[in-house]
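Observations on the three-dimensional arrangement
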Amino acid sequence: MASASTEYGLLPPQVPPPKRVLSKPLTAALALGAVALGTVAFVWRANDPPPSKASPIVPPSPALPAATPGVRLRITNGCDADPLWLANFAFNKPYFEQDIKLEAGKTHEFAIPDEGLAATRFWAKWGCDETGGNCLIGQSGGPGESCPPTGCAPPIDSKFEATFGCLPGSKKKCAVNPSDPTQPIGPTDWWDVSQVDGWTLPYKVELAGSCPAAPKLIDCSELSLKSCPEAEDLGLKSGPESLMLKDPTGKAGMSAVGCYAPCAKLTYTQWNQGHGFTPESKEAQMYCCPTPPVSPSECSAGPVEKTKYVEAVHKLCPSVYAYAYDDGVGLAQCPAGTRYDVTFFCP
């Protein structure tokens with residue numbers, strides 16, 4: 001089976017990064033003074049102070065078990081009965097065991113090193129075989145992942161992305177920027193969830209610890225595939241189109257296995273359900289908002305803001321980005337040592 005690779009890009013460090021730039025999916029890239037994480041780029045300097053000193057870990061919500069002291073990331077299977085499989089990578093390769101099977105109601109703790117870990121992505125797969133392959137949802141490729149016979153799915157997965165900072169007082173030397181080993185990771189976590197590419201599984205993220213710069217809870221547990229627009233006006237002469245991603249094998253027994261964002265529908269060609277326009281093309285640029293040529297004000301005043309997709313995300317997943325220059329929570333920062341409790345639910 002073929003493995004999948006994805007492009008990644010980087011903003012020039014001398015240009016202040018916009019709130020979000022959507023291009024092709026980014027595995028993750030780092031360079032001097034800047035980090036690209038998912039579809040986000042941000043500027044970071046090694047001597048920047050942390051946003052605030054981390055406070056002791058607070059008790060988890062009643063639905064979650066007590067965390068092992070020092071754990072910085074936990075992922076829980078919020079399904080009633082079905083297992084999920086957890087995939088991951090850090091920069092350009094898996095860092096943890098790949099395709100971890102997680103039974104319904106169970107929680108897995110990831111041992112993030114005290115010295116920090118750059119450019120990670122975690123997502124859940126559903127409807128898989130016993131090896132965690134041939135999944136109905138989440139088989140979108142990436143480092144250490146394989147593609148089923150029908151090819152990898154479009155990379156529109158619900159996901160959690162983070163660069164975990166170096167803990168103050170770490171006994172090990174702080175990890176370095178993979179693209180520039182002269183730059184150590186600072187004492188700040190940078191993390192992100194968004195629906196700029198689309199969504200697959202509902203989820204929520206809860207924070208434990210003192211992080212005034214970010215919300216304590218991002219609740220997208222109502223992000224149902226049934227709410228995916230079936231007649232979206234993308235400005236094409238062919239007329240409105242469904243944003244639902246259909247299972248090409250017909251095994252799902254459901255109307256959709258994912259929901260494209262408007263830009264993703266226009267630019268992703270996997271499974272032959274989208275178009276092959278570039279983000280900069282006249283057909284896609286006002287939905288993808290690459291800068292240049294589209295400015296933030298032009299993007300926000302353009303057609304993407306008025307789409308049924310953006311309306312659905314704003315209703316079902318408050319505070320989360322639905323398009324490139326949305327006003328939701330984009331890239332967030334917290335003191336290194338904050339714990340993130342991520343729960344994925346079944347579709």
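Reading guide: rules and limits
Residues numbered from 1 in each chain as written. Predicted model: local features only at pLDDT ≥ 70, side-chain atom pairs only at ≥ 80, totals over all residues. Heavy atoms only, no water. Helix = DSSP H or I, 4+ residues; strand = E, 2+ residues; numbered from the N terminus. Buried < 20%, exposed > 50% of the residue type's maximum accessible area, 1.4 Å probe, protein only. Contact = heavy atoms within 4.5 Å. Areas by Shrake-Rupley, 256 points an atom, 1.4 Å probe, with all protein chains shown as cover. Salt bridge = Lys/Arg side-chain N within 4 Å of Asp/Glu carboxyl O. Pairing = 2+ DSSP bridges.

The number of helices and strands found in the protein chain is 4 helices and 19 strands. Of all 347 residues assigned to the protein chain, the portion counted as buried reaches 55%. Once local pairs closer than 6 in sequence are excluded, the contacts in the protein chain between residues at least 24 apart make up 66%. Accessible surface, the protein chain as shown: approximately 14400 Å² in total, 55% of it carbon and sulfur.

This part is about the pattern of salt bridges. Under the counting rule described, the total for this entry stands at 10 salt bridges. Residue E161 is joined to R121 by a salt bridge in which the shortest nitrogen-to-oxygen separation is 2.7 Å. Residue E161 is located in strand 9 (residues 159-164), and its partner R121 is located in strand 8 (residues 117-126); the two are separated by 40 residues in the primary sequence. In this structure E161 comes out as buried when scored by relative accessible area, which is 2%. Note that K159 and D197 form a salt bridge whose closest N and O atoms lie 3.5 Å from each other. Separated by 38 residues along the polypeptide, K159 in strand 9 and D197 in the loop between strand 12 (188-192) and strand 13 (198-199) bring together distant segments of the chain. Each of R74, R339 and D341 takes part in salt bridges that share partners, so that together they form one network.

Pairing is antiparallel across the open sheet formed by 3 strands, whose spatial order is 13-17-16. One side of each edge strand has no neighbouring strand; the edge strands of this open sheet are strand 13 and strand 16 (244-245). With 2 bridges joining them, strand 13 and strand 17 (residues 258-260) adopt antiparallel strand pairing. Bridge assignment links W199 to a residue of strand 17, and that residue is C259.

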